[in-house]
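# Architecture and fold: a report
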Amino acid sequence: MADAQGAGVAVSGGEAGSHPLQIEANGINVITDAERKGHPRDLFWPWFAANISVLGLSYGAFLLAFGISFWQAVIVGLAGIVISFLLCGFIAIAGKRGSAPTMVLSRAAFGVRGNKLPTVISWLLTVGWETILMILATLAIATVFGHLGWPSGTATKVVAMIVVVALTIFGGVMGFDLIMRMQTAITIVTGVLTVMFIILVAGKIHWSAVSALPGGSAEALIGGLVFMMTGFGLGWVNVAADYSRYLPRRSSSTGVAGWTTFGGAVAPVVLLIFGLLLAGSSKGLSTAIGADPIGALAVLLPTWFLIPFAIVAVLGLIGGAVLDIYSSGLALLSLGLRVPRYVAALIDGTVMTLGTIYVVFISGNFFGEFEGFLITLGVPIAAWCGVMLADIALRKRDYAEPELYDPAGRYGDVRWLQVGVVIVATVVGWGLVTNTFASWLSWQGYLLGPFGLGGKSGAWAYANLGVLVALVLGFVVTWLFGRSAVRAQEVAPREPAAAQT
């Protein structure tokens, strides 16, 4: 029975939320009406907990690195955070309407097997994000130990990595019920400790230095906007429906979108503004954040608060990683891996651990790897997001859920228009982004010259226009040319329920 459930056969997993210490039985199957419960406001907890990480403070340094002023950074930062999480909110509506994971619902737009391309991209993105969060947690613990005068070398990093990885994998393996309870607890603890952190380091802010930061160009502003979008909401769009799928069908779509957006955006907005004030007050701190984004913040704190700081840092990072590992496991199942859901989570946990070992113990340039990862995968996921948003907007009825698993059903095997749009938008998008921090990405930006944007050394080289272009292309092409196909899907007679794989 467990194998069937993990592979996605339609079986009951028990009443949602009633067995937090039992492994979730549901895989990529449609959630039955008996298991759907809760209210849209319940979405606040997982999204807030996943994004209250003190990493949000470090984004202040990342954003100012684009050479823009404080007020410019506030404007593009707020816009990037809110807009990108609003995209998550729109996609979360599909979860309520279809009661299946995001990358299963995406089959309606791309076809049952055509959806394998965006699902692979989604898997890479979620595994990459969970790895990044584990790296940050490991480095943060080692740095705090060093400031306390405790051992902070390789042995400490190994132990720290084992602890944070184990907690993350445990949450991902147990599944939805435990995750929802974990995120509520993480929200309360990290919220309180984060407020204490802000109070303790507020004296480090020097408004004279912050206000003296020179303004940047329009190209720099766009680059900062894109970076914030890819660093926040665009990193979550491919999993946004995974947590709304347990809500009753009658739930308000406005509420689903609103609570997802608010839960995801409110903490990053506060943390970013405070992070901008800190980074703008000290160039040394801003530079240190590039090497160790969270650990560098520990130098600002009194010794007695270092342990609470480590707790808030690690819990916030685990809150995000747990959501990622849960969703990356669902992506593997959607690709056709026929194993129980918890086994898929364990596979992803192994990949995450290996990636953490590489960056912590072998590679030394964190920010270069981080930015390269975000921009490179940000382009195809933005293209997918554009397609998905247009497809959701075009649909007037709920999904014919059994046919999401049937290549011969109304959603088809491969919808070549949407698959082709993602491929073309990605090729164009990668030609309009650059990354000088990661040498293996030097091939990007090949269209900046032909398009008259000054080449790889011109003013537009770091604006990363490719992400926005991919998002717009995906949406516009699907909106204009996918309407008739969606209309035909919605008027077709519904098939009887079938096995879901």
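In this report, the structure presented in the accompanying data block is examined. Predicted model only: the values in this text are computed from it and were never measured.

### Section: the overall build of the protein
Scanning the protein from terminus to terminus reveals 19 helices and 0 strands. By the compact-globule yardstick of 23 Å for 501 residues, the protein fits well, its C-alpha radius of gyration being 22 Å. On the principal axes, the C-alpha backbone points of the protein span a range of 65 × 55 × 40 Å. Expressed as a percentage of its 501 residues, the buried residues of the protein come to 61%. Taking as baseline every contact in the protein between residues at least 6 positions apart, the subset at least 24 positions apart corresponds to 84%. When the accessible surface of the protein is split by element, carbon and sulfur atoms take 71% of a total near 17600 Å². Where the 26 positive side-chain charges of the protein centre and where its 23 negative ones centre are 5 Å apart.

### Regarding the nonpolar core
The biggest cluster of nonpolar side chains holds 149 residues, and the ones touching the most others in it are Tyr 59, Phe 197 and Phe 309. With 17 residues, the single largest contributor to this core is helix α14 (residues 306-334). Once you skip the residues sitting within four places of it in the chain, Phe 309 turns out to touch Val 54, Val 144, Phe 197, Ile 294, Leu 297, Ala 298 and Leu 301. Core analysis: the next-biggest nonpolar cluster, separate from the first, contains 7 residues, Leu 432, Leu 453, Ala 463 and Leu 465 among them.

### Description of the packing of aromatic side chains
Tallied over the full model, the rule gives 23 aromatic pairs. Arranged with centres 5.3 Å apart and planes meeting at 80 degrees, the rings of Phe 44 and Trp 45 form a pair that is edge-to-face. Of the residues examined, Phe 44 reaches a relative accessible area of 14% and is grouped as buried. On the numbers, 5.5 Å between centres and 90 degrees between planes, the contact of Phe 70 with Trp 207 is edge-to-face. With Phe 70 in helix α4 (residues 70-98) and Trp 207 in helix α10 (residues 207-211), this residue pair connects regions lying 137 residues apart in the sequence. Residue Trp 207 is classed as partly exposed on the basis of its relative accessible area, which comes to 41%. Members of the aromatic cluster, each reached through a chain of ring pairs, are Tyr 59, Phe 62, Phe 66, Phe 85, Phe 227 and Phe 232. Stacked on the ring of Trp 479, the Lys or Arg Arg 483 has its end atom at 4.6 Å from the ring centre.

### Quick notes on the packing of helix α3 (residues 55-64) against helix α11 (residues 218-231)
Contact geometry of α3 with α11 gives a least axis separation of 10 Å together with a crossing angle of 150 degrees. In terms of orientation, α3 and α11 fall into the roughly antiparallel class. In the packing of α3 onto α11, the handedness of the crossing is right-handed. Residues Tyr 59, Phe 62 and Leu 63 of α3 pack against Gly 224, Phe 227, Met 228 and Gly 231 of α11.

### Topic: a nonpolar patch on the surface
Together, Trp 45, Trp 150, Ile 188, Val 189, Val 192, Met 196, Trp 304, Ile 307 and Ile 311 make up a nonpolar patch on the protein surface, roughly 830 Å² of accessible area in all. Mapped onto the nonpolar patch, the elements with two or more residues apiece are α9 (176-201) and α14. When residues in the nonpolar patch are grouped by element, the largest group, 4 residues, is from α9. The residue Ile 188 is located in helix α9 in this model.

### Quick word on the state of the cysteines
Under the criterion given, the structure shown has 0 disulfides. Looking at the unpaired Cys 88, the closest cysteine sulfur is the one in Cys 385, lying at 7.5 Å. A relative accessible area of 0% means that Cys 88 is categorised as buried.

### Comments concerning the pattern of salt bridges
Enumeration according to the criterion identifies 12 salt bridges in this entry. Between Asp 398 and Arg 249 there is a salt bridge, and its shortest N-O distance comes to 3.9 Å. With Asp 398 in the loop between α16 (366-394) and α17 (416-430) and Arg 249 in the loop between α11 and α12 (253-281), this pair connects stretches of sequence that are 149 residues apart. Residue Asp 398 is classed as partly exposed on the basis of its relative accessible area, which comes to 34%. It is possible to trace a salt-bridge network through shared partners that takes in Asp 33, Arg 36, Arg 97, Arg 249, Asp 398 and Glu 401.

### Digging into unusual backbone geometry
One non-glycine residue with positive phi stands out, namely Ser 99, at about 55 degrees. Locating Ser 99 in the fold gives a position in the loop between α4 and α5 (102-105). Assessed through its relative accessible area of 0%, Ser 99 is described here as buried. Positive phi is not limited to glycine here, since Asn 464 has a value of about 50 degrees. With respect to the helices and strands, Asn 464 occurs in the loop between α17 and α18 (465-481). Given a relative accessible area of 2%, Asn 464 falls into the buried group.

### Things to note about the side chain of Ser 84
Inspection of the secondary structure puts Ser 84 in helix α4. Taking relative accessible area as the criterion, Ser 84 reaches 0% and is therefore assigned buried. Among the polar contacts listed, one links the side chain of Ser 84 to the backbone nitrogen of Gly 233, at a separation of 2.9 Å. Ignoring any residue separated from it by four or fewer positions in sequence, one finds Ser 84 in contact with Ala 79, Met 229, Phe 232, Gly 233, Leu 234 and Val 237.

### Observations regarding the environment of Gly 378
Relative to the elements of secondary structure, Gly 378 occurs in helix α16. Put simply, Gly 378 and Ala 408 are 30 residues apart on the chain and 32 Å apart in space, counted from C-alpha to C-alpha. With sequence-adjacent residues up to four places away left out, Gly 378 is seen in contact with Thr 230, Phe 373 and Val 467.

Criteria and thresholds
- Residues numbered from 1 in each chain as written.
- Predicted model: local features only at pLDDT ≥ 70, side-chain atom pairs only at ≥ 80, totals over all residues.
- Heavy atoms only, no water.
- Helix = DSSP H or I, 4+ residues; strand = E, 2+ residues; numbered from the N terminus.
- Rg over C-alpha atoms; globule rule 2.2 N^0.38 Å.
- Buried < 20%, exposed > 50% of the residue type's maximum accessible area, 1.4 Å probe, protein only.
- Contact = heavy atoms within 4.5 Å.
- Areas by Shrake-Rupley, 256 points an atom, 1.4 Å probe, with all protein chains shown as cover.
- Lys, Arg positive; Asp, Glu negative; His and termini not counted.
- Charge placed at Lys NZ, Arg CZ, Asp CG, Glu CD.
- Core = buried A, V, L, I, M, F, W, Y, C linked by side-chain atoms within 4.5 Å.
- Phe/Tyr/Trp six-rings, centres within 6.5 Å; stacked < 30°, edge-to-face > 60°.
- Lys NZ or Arg CZ within 6 Å of the ring centre and 35° of its normal.
- Axes fitted to C-alpha atoms, helices over the stretch in contact; angles between N-to-C directions.
- Parallel < 35°, antiparallel > 145°, perpendicular 65-115°, else oblique.
- Left-handed = near helix turned anticlockwise from the far one by under 90°.
- Patch = residues over 30% accessible without salt bridge, like charges linked within 9 Å, V, L, I, M, F, W, Y side chains within 5 Å.
- Salt bridge = Lys/Arg side-chain N within 4 Å of Asp/Glu carboxyl O.
- Disulfide = S-S within 2.5 Å.
- Polar contact = N/O pair within 3.5 Å; in protein donor to acceptor, adjacent residues only side chain to side chain.

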